[in-house]
Amino acid sequence: MTAGGVLILDPAVTARPGLQLLLASLILIPILVAGFLALRFHRCHRAERASARGAAQLMDTVLTTSHEWLWALDAQGNFIFSGPTGIDLTGYHPSELVGKHFSVIADVEDFPAAIRSLIDAPGVEGHAQGVVRCRHRDGSSVWIESSTHNRPVRAGQPAGLVGTSRRVPVETAQEAAAALSRARIRAMIDGNRMLTAFQPIKNLAAGHIIGAEALTRFVSEDGTGPDYWFEEAAAVGLSEDLEIAALETALKAAKALPPGIYVALNASPATCLDPLLPGILERSGLALDRIVLELTERLEVEEYCPLISALEPLRRRGLRIAIDDAGSGFASMRHVLHIRPDIIKLC
């Protein structure tokens with residue numbers, strides 16, 4: 001530009017006005033073009049910034065007002081994003097979840113199989129949805145419906161899970177809870193994840209052991225006791241299935257007991273009415289006179305005739321009946337008079 005200015009002012013050029021005008025045009029036009037382009041770039045940049053601010057504000061509005069919880073996990077299952085709706089569902093602020101593993105709020109076994117398959121295959125594109133049980137920060141259970149997408153590695157983005165979740169109605173939550181309980185109990189039965197502990201029974205007069213009560217213990221990560229499992233099974237209609245499985249486990253373990261002692265097995269009247277029971281006892285390899293069935297019942301027995309009829313053939317062959325916790329609940333005098341047990345346990 002300086003050289004052009006000097007050239008224009010050269011006496012040889014100033015003496016020729018036409019040439020001076022041409023040179024001035026050649027210098028000014030690029031300057032004007034550059035100025036125009038700079039102004040246009042500034043306007044475009046300002047428009048883009050305004051558009052980005054608008055998009056960010058819109059996204060913030062969507063995240064704040066949406067009933068859906070938007071979240072994202074990396075391939076290791078750690079949160080990399082959590083929308084503000086998650087505060088109500090989980091009790092955690094987004095900043096508290098980012099960087100934390102999803103196990104902070106949910107266990108893998110509480111996920112539907114379809115979603116578990118996505119977690120087990122990070123980077124493999126797929127989509128699944130289902131109802132998931134989560135833990136709120138206060139320890140309560142929250143049931144949410146999640147729509148989950150497995151994001152593969154693409155355009156430099158790492159693999160991970162992204163999805164939306166929302167609280168489900170009470171009825172849906174109850175159905176999901178029942179389905180989860182049934183699945184857990186069925187897995188416990190099919191996986192034979194039960195053990196038997198024997199509590200010795202002594203003859204107080206002689207001081208020696210005459211029997212052993214079989215107590216079922218369940219192998220679970222959370223260490224829940226037998227009362228929980230039997231109550232859950234009763235709530236979802238699997239009480240007899242679980243009791244039969246526990247009986248089979250106990251009878252198998254009882255084979256290792258000394259031959260001179262009997263084994264006491266807990267059974268509800270409903271299980272005693274199960275047509276499978278006689279066959280299970282016969283296949284156990286234990287003589288019936290070494291088996292005592294302790295009747296336990298949290299609900300009142302309405303009809304005693306079917307129960308008495310089912311037990312009578314076994315009792316004729318040596319099976320003995322005990323009433324458990326006599327004097328409490330429905331183990332009343334009426335219960336004792338109808339059953340006519342061989343043994344009465346006092347609570």
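The structure displayed is predicted, hence computed values, not measured ones. (Residues numbered from 1 in each chain as written. Predicted model: local features only at pLDDT ≥ 70, side-chain atom pairs only at ≥ 80, totals over all residues. Heavy atoms only, no water.)

Visitor: Would you mind going over the pattern of salt bridges with me for this structure?
Guide: A side chain with one charge may pair with a side chain of the opposite charge, provided their charged atoms come close. Scanning all chains against the criterion turns up 10 salt bridges. For the salt bridge of Arg-166 with Glu-68, the shortest nitrogen-to-oxygen distance reads 3.9 Å. Here the residue Arg-166 occupies a position in strand E5 (residues 160-167), and Glu-68 occupies one in the loop between helix H3 (17-65) and strand E1 (69-74), the gap between them amounting to 98 residues. What you see here is one network of salt bridges that share partners, running through Glu-68, Glu-145 and Arg-166. (Salt bridge = Lys/Arg side-chain N within 4 Å of Asp/Glu carboxyl O. Helix = DSSP H or I, 4+ residues; strand = E, 2+ residues; numbered from the N terminus.)

Visitor: I keep staring at the pairing of strand E3 (residues 126-135) and nothing clicks. Help me out?
Guide: Sheet faces and side chains relate simply in a regular strand, where the side chains alternate between the two faces. As paired strands, E3 and strand E4 (residues 141-151) are joined by 10 bridges and run antiparallel to one another. Within the sheet, the bridge partner assigned to Arg-135 lies in E4 and is Ser-141. In this antiparallel pair of consecutive strands, E3 and E4, the connection spans 5 residues, and Gly-139 shows a positive phi of 95°. (Pairing = 2+ DSSP bridges.)

Visitor: Sorry, what's going on with the packing of helix H7 (residues 170-190) against helix H9 (residues 239-254) here?
Guide: Each pair of packed helices can be summarised by the angle the axes make with each other and by the distance between the axes. For the pair H7 and H9, the least separation of the axes is 10 Å and the interaxial angle reads 20°. As judged from the angle between their axes, H7 and H9 are roughly parallel. Classified by chirality, the crossing of H9 by H7 is left-handed. Contacts between H7 and H9 involve Ile-185, Arg-186 and Ile-189 from the former and Asp-241, Leu-242 and Ala-245 from the latter. (Axes fitted to C-alpha atoms, helices over the stretch in contact; angles between N-to-C directions. Parallel < 35°, antiparallel > 145°, perpendicular 65-115°, else oblique. Left-handed = near helix turned anticlockwise from the far one by under 90°. Contact = heavy atoms within 4.5 Å.)

Visitor: How do you make sense of the sheet that holds E5 when you look at a structure like this?
Guide: Read from one edge of the open sheet, 5 strands run E2-E1-E5-E4-E3, paired in antiparallel fashion. One side of each edge strand has no neighbouring strand; the edge strands of this open sheet are strand E2 (79-82) and E3. Ignoring strand direction, the axes of neighbouring strands in this sheet form an average angle of 25°. With 6 bridges connecting them, E1 and E5 associate as antiparallel partners. The partner of Asp-74 across the bridge, within E5, is Gly-160.

Coordinates in, geometry out; function isn't part of it.
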